[in-house]
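# Tertiary structure, described
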Amino acid sequence: MVQIVDFLLAIVPMLVVFVGLVFFRRGGTLMGFVGWLLTLIIAVLFFKTSIEIGIYASFAGILASFGISLMVLFTILQVTMMDLTGAIKTITEFIKTIAAERYEQVMLLNVGLGTFLVSIGATPVTMLPPIMIALGFPALAAIALPALGYDPLTSFSLLAVPIKSPSDTFGLNANLIAQNVALFLPVVSTGLSLGMLWVADGWNGVKKGFVPAILAGLTLGLSAIAFVNLFPSYLQLTGVISGLAAIVVLLLYRVVQGKPIFVKKEAAAKKPTAADGGAVAPAMPLWRALSPWILLVAFCFIISPPDINNWLLNLLGNTQKIHVVGDQYVNLKLLTQAYVWVLVSTVISAPLLLRSRAEVTKTLKVWIRRAWSPTVAAAIFFAIAYVMFWSAKAVDANNKLSAIDATMNMNYVIGIALATYLGAFIFPIVSPLLGLFGGFVSGSETSSNVMFYKILETATKNLNTTLSGGLTKVFAAHAVAGGIASGIAVAKIVNAAAVIDKIGMEGEVIRKSAPVIIVLTLLVGVMLALWLAFF
């Protein structure tokens, strides 16, 4: 009975966040703060944690979140600059010149381009819906498909931050996790490709677009497997390469069929007129519009080789290590972090895009307005994870952070309960649902991975030997499911609806996409159970 009570107390903050998001429609930032405050109070009152350790844990969590929170901050700056200067419009107009059938457009834009965009830090859910509308798709599809399209490779989004961040936090082997994640992707990416056709046009859409969906899904999954195994030093570019590979394969499929890749210029071009709003600035060259992304990908290639990466890692030495309390430090590893190079690529490309002081001022104002909330939300969920991680701990006489009572750690309590009541057979099937829940609540696979890793570790270590040795597999399945959750994450759906002025459709979109998301998450669980049992 005591175990059940402790379990319920430990999960109360996450349940409150879930209820606030789903039933009271509160924002992720507000509910994140509420969840953090509840976690802190419950840790202090019921799990042998001092208020000082709770505050220190929160500070450590915020520092550890920089890989995702500052990535969000600086990618929004980059995309805002590209948006307000017309770079995004130039890219959009180029995309419209690519010839494709309706079902091919779904795959090219949402699977291929969507995966590429999210991998370099851009946001498909804000960039692709207007393009989908311009191509004639209904609002529901224009909102749902960009949120679904890049889901299978969400683990490699933001230059692989969802894998690298928990690896840095808990001392894990990022390449090993990536290799395990990739093994799920051929099935998951193909399933999501077919699911998008179903969301867009029902079973008739699946029938018409079956071959392109299979090609796109398998290309994503198989190219990811190949890349993470052949080029482990370039892990952060996996999504970039896989997204481009899917686009190339889909275009080659058109060539094999004898169909054109580009529409005729006279059909694609529409000169701006006074009716379109008066004088229009000259079109920006495509190379200039793409310059921030070209620079970013180039920098990632340059810093990825181990020798260069280690040199950059050690260049700043201990100046980038922030002391928290006792023997606890957070190493920011600044020059090897993707967010630094996003900022550098933005600053270098700014003179190519920004044409006046007014544009600079407007870009900065819009950036601050857009970025503060998701940046704070990303940080606050890390704070929650660290309070749970440091619960029932204190700084001992040797100035080390150690457990007062390991059995009262919140992650331990939740993990033991899951292991006890689910068992070795059911736990692998159900465990990806934690990833789905975490991704849905926090709106971020990265936050979900950090929040639940210690829970998964405790649960697997307390089950049989086979499952105990499969923590990396269990965590990989959790990460994949957290990525799948992007298809129904409230924050992403709201963003997609907002850019086409369709706020209010979120519930309809989630109801339409939910069956695809739930079926694929359960499929991941079945794959995990079979993998643990037979391989």
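The following refers to the structure shown. (Residues numbered from 1 in each chain as written. Predicted model: local features only at pLDDT ≥ 70, side-chain atom pairs only at ≥ 80, totals over all residues. Heavy atoms only, no water.)

With that settled, the discussion passes to the overall build of the protein chain. The secondary structure content of the protein chain amounts to 24 helices and four strands. Computed over its C-alpha atoms, the radius of gyration of the protein chain comes to 23 Å, within 12% of the 24 Å expected for a compact globule of 535 residues. Over its C-alpha atoms, taken along the principal directions, the protein chain stretches across nearly 75 × 50 × 50 Å. Relative to its 535 residues, the protein chain shows a buried fraction of 56%. A sequence separation of at least 24 residues applies to 77% of the contacts in the protein chain between residues at least 6 apart. About 22,200 Å² of surface is accessible on the protein chain, with carbon and sulfur atoms providing 68% of the total. With 33 positive and 21 negative side-chain charges, the protein chain shows a spacing of 6 Å between the two charge centroids. (Helix = DSSP H or I, 4+ residues; strand = E, 2+ residues; numbered from the N terminus. Rg over C-alpha atoms; globule rule 2.2 N^0.38 Å. Buried < 20%, exposed > 50% of the residue type's maximum accessible area, 1.4 Å probe, protein only. Contact = heavy atoms within 4.5 Å. Areas by Shrake-Rupley, 256 points an atom, 1.4 Å probe, with all protein chains shown as cover. Lys, Arg positive; Asp, Glu negative; His and termini not counted. Charge placed at Lys NZ, Arg CZ, Asp CG, Glu CD.)

Two measures define how a pair of helices packs: the angle their axes make with one another and the distance between the axes. Two numbers describe how helix α6 (residues 102-119) lies on helix α8 (residues 139-149): the axes approach to 8 Å, and their chain directions differ by 45°. Put simply, α6 runs oblique to α8. In this structure, α6 crosses over α8, and the sense of that crossing is right-handed. Here α6 contributes Val106, Asn110, Val111 and Thr115 to the contact with α8, which in turn contributes Leu145, Pro146 and Gly149. Here the contact of α6 with α8 is composed, by residue class, of four nonpolar, three polar and no charged. (Axes fitted to C-alpha atoms, helices over the stretch in contact; angles between N-to-C directions. Parallel < 35°, antiparallel > 145°, perpendicular 65-115°, else oblique. Left-handed = near helix turned anticlockwise from the far one by under 90°. Nonpolar A, V, L, I, M, F, W, Y, C, P; charged D, E, K, R; others polar.)

There is a patch of nonpolar side chains on the surface, built from Val187, Leu523, Val526, Leu530, Phe534 and Phe535 and spanning about 610 Å² of accessible area. In terms of residues, the nonpolar patch owes the most to one element, helix α24 (residues 506-534), which gives four residues. With respect to the secondary-structure elements, Phe535 resides in the segment after α24. For Phe535, a relative accessible area of 71% gives the class exposed. (Patch = residues over 30% accessible without salt bridge, like charges linked within 9 Å, V, L, I, M, F, W, Y side chains within 5 Å. Salt bridge = Lys/Arg side-chain N within 4 Å of Asp/Glu carboxyl O.)

Even without a glycine there, the phi angle at Lys333 is positive, about 50°. With respect to the helices and strands, the residue Lys333 is situated in the loop between β2 (328-331) and α17 (338-353). With a relative accessible area of 24%, Lys333 lands in the partly exposed category. For Ala392, which is not glycine, the phi torsion reads 60° and is therefore positive. Mapping Ala392 onto the fold places it in the loop between α18 (357-390) and β3 (393-395).

Let us now look at the side chain of Lys454. When you line up the elements, Lys454 lands in helix α20 (residues 445-461). Reaching out from Lys454, the side chain makes a polar contact with the side chain of Glu457 at a distance of 3.0 Å. With residues up to four places along the chain from it excluded, the contact list for Lys454 reads Phe170, Phe389 and Asn411. (Polar contact = N/O pair within 3.5 Å; in protein donor to acceptor, adjacent residues only side chain to side chain.)

Taken as a whole, this structure holds 16 aromatic pairs when the rule is applied. Geometrically, the ring pair formed by Phe170 and Phe389 is edge-to-face, given 5.5 Å between the ring centres and 70° between the ring planes. Separated by 219 residues along the polypeptide, Phe170 in helix α9 (residues 157-170) and Phe389 in helix α18 bring together distant segments of the chain. Here Tyr453 and Phe475 contribute two aromatic rings whose centre-to-centre distance is 5.1 Å and whose plane-to-plane angle is 85°, an arrangement assigned as edge-to-face. Taken together, the residues Tyr453 in helix α20 and Phe475 in helix α22 (residues 471-484) connect sequence positions 22 residues apart. Just as Tyr453 is buried, Phe475 falls in that class too. In this structure an aromatic cluster arises from ring pairing among Phe170, Tyr386, Phe389, Trp390, Tyr453 and Phe475. In this structure, Lys512 is placed above the aromatic ring of Trp198, and the distance from its NZ or CZ to the ring centre is 4.5 Å. (Phe/Tyr/Trp six-rings, centres within 6.5 Å; stacked < 30°, edge-to-face > 60°. Lys NZ or Arg CZ within 6 Å of the ring centre and 35° of its normal.)

Core analysis: the biggest nonpolar cluster contains 175 residues, and Met107, Leu145, Phe156, Phe184, Trp293, Trp390 and Ile414 have the highest contact counts within it. Setting aside its immediate chain neighbours within four residues, Trp390 contacts Thr49, Ile53, Tyr56, Ala57, Ala60, Val324, Val325, Gln328, Leu401 and Asn409. (Core = buried A, V, L, I, M, F, W, Y, C linked by side-chain atoms within 4.5 Å.)

Let's shift gears to the pairing of strand β1 (residues 321-325). Here β1 runs beside β2; their pairing, made up of four bridges, is antiparallel. Across the sheet, residue Val325 finds its bridge partner in β2, namely Gln328. Adjacent in sequence and paired antiparallel, β1 and β2 are bridged by two residues, among which Gly326 carries a positive phi angle near 55°. (Pairing = 2+ DSSP bridges.)

This part takes up the pattern of salt bridges. Enumeration according to the criterion identifies 10 salt bridges in this entry. Residue Arg370 pairs with Asp83 through a salt bridge whose shortest N-O separation is 3.2 Å. Linking Arg370 in helix α18 with Asp83 in helix α4 (residues 66-84), this pair joins segments that are 287 residues apart in sequence. Given a relative accessible area of 35%, Arg370 falls into the partly exposed group. Exposure remark for Asp83: the relative accessible area of 35% places this residue in the partly exposed category. Salt bridges here are not isolated pairs; linked through shared partners, they connect Lys454, Glu457 and Lys461.

This part covers helix α11 (residues 210-230). Every α-helix carries 3.6 residues per turn, so stepping three or four residues along brings you back to the same face. With 21 residues, α11 extends 30 Å from end C-alpha to end C-alpha; this agrees with the ideal 30 Å at 1.5 Å per step. Inspection of α11 places Pro212, Ala213, Ala216, Gly217, Thr219, Leu220, Gly221, Ser223, Ala224, Phe227 and Val228 among the buried residues, and these make up the whole buried set. For α11, the elements touching its buried residues are α6, α10 (174-208) and α12 (238-256). (Expected span 1.5 Å × (residues − 1).)

Bringing α12 into the picture now. Between its first and last C-alpha atoms α12 spans 27 Å; for 19 residues at 1.5 Å apiece the expected length is 27 Å, and the two agree. Every buried residue belonging to α12 is among Thr238, Gly239, Val240, Ser242, Gly243, Ala246, Ile247, Leu250, Leu251 and Arg254, and all of these are buried. Contacts from the buried residues of α12 go to α6, α11 and α15 (291-303). Residue Gly258 follows α12 closely and has a positive phi angle near 80°.

Running from N to C, α15 and α17 point in directions that differ by 145°, and their axes come no closer than 8 Å. For the pair α15 and α17, the sense of crossing is right-handed. Only Trp341, Val342, Val344, Ser345, Ile348, Ser349, Leu352 and Leu353 of α17 make contact with α15, whose side of the interface consists of Ser291, Pro292, Leu295, Leu296, Phe299 and Ile303. In terms of residue class, the contact of α15 with α17 is made up of 11 nonpolar, three polar and no charged.

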